[in-house]
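# Architecture at a glance
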Amino acid sequence: MNIDNKHITIEVQDLAIGYTSRKKENIIVSNLNFKIKRGSFVCILGKNGIGKSTLLKTLSRVQNPIDGHVKLENKNINTYSNLQLAKNLSLILTEKLPESNLTVYELIALGRQPYTNWIGALKEKDIEAIEKSIKLTNIAHLVSKKYFELSDGQFQRVLISRALAQDTNTIILDEPTVHLDIEHTLETFQLLQKLAIQENKTIIASTHQIQLALQTASEIFLMTEKEFLIGTPKELISKNHMDKLFDNESIIFDPIKEQFLLKKTP
Amino acid sequence: MNNLKSYNLIFFLLIVLLIGVLIFNLSFGSVSIPFSKIVAILFSEEEVKDSWKTIILDYRIPKSITAILVGSGLSISGLLMQTLFRNPLAGPFVLGISSGASLGVALLILGTSLFGGLGFISSSSFGIAIAASIGSLVIMSTVMIVANSVRNTMSILIIGLMFGSITSAVISILAYFSEPEQLQKFIFWGFGSLGNLSWNELSIFSSFYLLSMSLLAFILKPLNSLLIGESYAMSMGVNIRFVRNIMLLITSVLTGVITAFSGPIAFVGLAVPHIARLIFNTSNHTILLPASAILGAMLMLIADTFAQLPTSQYTLPINAITSLFGAPIVIWLLVRKKNLYL
């Protein structure tokens, strides 16, 4: 099984996540064990407040685990220097960017910072990486605009493009489609799936778009108050796990239509 | 990138303009000295009146250099603060950092009569520089700690204003209990002045200045990633704590030393970075830092030329001039652009 390990991007052992406040530990989930293969598109589903963001923060070392450890490319994530980590893992967050005069190109070029010299000068290799990420995300027509001129959908593509320019195996996204309309939401999921398959990126995203996640993701993490379930969309559906997502009994999952339905009130 | 060419052209023009303003600044003062004689004093062995020589070499040139250091230093300080607090209205004066420096100086000049025994330090300009730097560092760190728990940009400004009020209150109390001569000394310092610096003082000033400026090399790249927020900067390998501490050090020392030697000067730090953004239409710090430095130096030289009231023997307080210039610029920027960007 050693050969297999080469293709594992993230491995989690006996992980307990949560946060400490006033010296009190609040454990959200414990005893997590999973492996994520290179090139997977993982969607994390669960209610608000269930700990999706905490899990993503722990996987990206923004936050320390309460117990256990996270391995990135077969190495404990805590042994990485800031710079090494930046070359292996990039983030796309939900927080708003402060308003500035940055152009789209400059914003994407920032992704090259882990590779550039002290003044941030772009070499040929950096420019190649930027152009490639612009092409992959289809935003060539936007590069000279200021980023505050963009629509939410365009902006999300730019953020993904910046993460691609950072040239990491893993990209972690926190609710990437939260501000988007249906069309841009669909496009974003399509893009993420494409990046996982074509570019062999490991993509981990938290989302509320259950149907799209089931259609595009290669693996689903289902977080409920009682359980942490992992499986391919097909497995989760066939084992009737999807129903566990909500404790409300009037919401049921229809395995044939692959979507949640409201039970008709008699 | 054709942008680069136009940036270089603007920079070239700005430097030419700066030299022009510098010559203008050197040529005017209470005593009128012909331009040809100024050139002669600077570059040739030609015999010129001794009094003129003294005025140019020991008064006007140190004053011009001070203006350049003060203007560029405050502008860079302001730019760093705006990026650090992610707030386009931040600046050394607005956030109470200049007041912190004033408090340091007040404690030194006025406090000696209360505490005694420190008189020998208060007379040295080195002591004043240190006191002002410590004062601004204390206020700056406090504002930063408080600002960390409130993300709202408006609240950060109001907190800065409140710290400004607290320090002025403490200064008033100190003033109330101090001797008239010391009070007079402090009030004159508070008017702000670019002149009166000996070459010796100027060398202390410029070594503090160069020291803090050289620290910029460490944070040039991280500054740009801070434009998209601390979390993103961190995800790109930036050591936020280190960068923040360096920025803290640069801004406090710059503001402190400048305030120590030329009094609290308002609005330059707030307005100049925005003028630089307006001219270059960019947020890139590799452009904005030198641009703000040049524009700030230019603005201070112009303000100083006005303060001299050419051909009259009076010199207006420089602080009043920069406020008269700066406040309308900020109002105009806010009205015109509706929204200020970083």
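Here the structure is shown first, and the text comes after it.
Reference entry: report on the structure contained in this document.

What follows covers the overall build of chain B. Scanning chain B from N- to C-terminus turns up 16 helices and 0 strands. Here the C-alpha radius of gyration of chain B, 20 Å, is about what a compact globule of 342 residues would show, namely 20 Å. Buried positions account for 55% of the 342 residues belonging to chain B. Long-range pairs, those at least 24 residues apart, make up 77% of the contacts in chain B with a sequence separation of at least 6. Within the structure as shown, chain B displays about 14,900 Å² of accessible surface, and the carbon and sulfur contribution to it stands at 70%. Within chain B, the 10 negative side-chain charges are centred at a point lying 22 Å from the centre of the 16 positive side-chain charges.

With that settled, the discussion passes to the side chain of Ser206 of chain A. Residue and element names in this part refer to chain A. Position of Ser206 among the secondary structure elements: in strand β8 (residues 202–206). For Ser206, a relative accessible area of 0% translates into the label buried. A polar side-chain atom of Ser206 sits 3.0 Å from a polar atom in the side chain of Asp174. In this structure the side chain of Ser206 is engaged in a polar contact, spanning 3.0 Å, whose partner is the backbone nitrogen of Glu175. The residues contacting Ser206, other than those within four sequence positions of it, are Ile44, Lys52, Leu56, Leu173, Asp174, Glu175 and Pro176.

A word on the side chain of Ser60 of chain A. If you trace the backbone, Ser60 of chain A turns up in the loop between α2 (52–59) and β4 (67–72). In this structure Ser60 of chain A touches Ile77, Leu85, Leu89, Leu91 and Ile172 of chain A, once residues within four positions along its chain are discounted.

All names here are of chain A. In spatial order, the strands read β2-β1-β4-β5; together these 4 strands make up an open sheet with antiparallel pairing. Looking at which strands have only one partner, the edges of the open sheet turn out to be β2 (24–37) and β5 (75–76). The sheet contact formed by strand β1 (residues 8–21) and β2 spans 10 bridges and is antiparallel. When the bridges of β2 are listed, Gly18 appears paired with Ile27. Sheet strands in contact with α2 are β1, β2 and β4, and its direction is about 120 degrees off that of β1.

Residue and element names in this part refer to chain B. Taken together, the side chains of Ile15, Ile19, Ile23, Phe35, Val39, Leu42, Phe43 and Leu57 make up a nonpolar region of the molecular surface, amounting to roughly 710 Å² of accessible area. Counting only elements with at least two residues in the nonpolar patch, the list comes to α1 (2–27) and α2 (35–43). Counting residues per element, the nonpolar patch draws most heavily on α2, at 4 residues. Its location among the elements puts Leu42 in helix α2.

What follows deals with the interface of chain A and chain B. Across the contact, 31 residues belong to chain A and 27 residues belong to chain B. Among the residues of chain A in contact with chain B, Glu99, Asn101 and Gln113 of chain A are the three that bury the most area, contributing 24% of the side total. Viewed at the interface, chain B and chain A are joined by 0 salt bridges. Applying the counting criterion to the chain A and chain B interface returns 8 residue pairs in polar contact (both at pLDDT 80 or more). Of all elements in the fold, only α3 (82–88), β6 (89–92), α4 (104–109) and α6 (152–165) of chain A reach the threshold of two or more residues within the side of chain A that touches chain B. Considering only residue class, the side of chain A that touches chain B consists of 17 nonpolar, 9 polar and 5 charged.

We now examine the pairing of β6 of chain A. Side chains on a regular strand alternate between the two faces of the sheet. Residues and elements named next belong to chain A. Across the two faces of β6 the burial is the same, with Leu89 and Leu91 and Ser90 and Ile92 all buried. Pairing geometry for β6 and strand β7 (residues 170–174), over 4 bridges, is parallel. The partner of Leu89 across the bridge, within β7, is Thr170.

The rules behind each value
Residues numbered from 1 in each chain as written. Chains lettered and ligands numbered in written order. Predicted model: local features only at pLDDT ≥ 70, side-chain atom pairs only at ≥ 80, totals over all residues. Heavy atoms only, no water. Helix = DSSP H or I, 4+ residues; strand = E, 2+ residues; numbered from the N terminus. Rg over C-alpha atoms; globule rule 2.2 N^0.38 Å. Buried < 20%, exposed > 50% of the residue type's maximum accessible area, 1.4 Å probe, protein only. Contact = heavy atoms within 4.5 Å. Areas by Shrake-Rupley, 256 points an atom, 1.4 Å probe, with all protein chains shown as cover. Lys, Arg positive; Asp, Glu negative; His and termini not counted. Charge placed at Lys NZ, Arg CZ, Asp CG, Glu CD. Polar contact = N/O pair within 3.5 Å; in protein donor to acceptor, adjacent residues only side chain to side chain. Pairing = 2+ DSSP bridges. Axes fitted to C-alpha atoms, helices over the stretch in contact; angles between N-to-C directions. Patch = residues over 30% accessible without salt bridge, like charges linked within 9 Å, V, L, I, M, F, W, Y side chains within 5 Å. Salt bridge = Lys/Arg side-chain N within 4 Å of Asp/Glu carboxyl O. Buried area = accessible area lost by both parts, 1.4 Å probe. Nonpolar A, V, L, I, M, F, W, Y, C, P; charged D, E, K, R; others polar.

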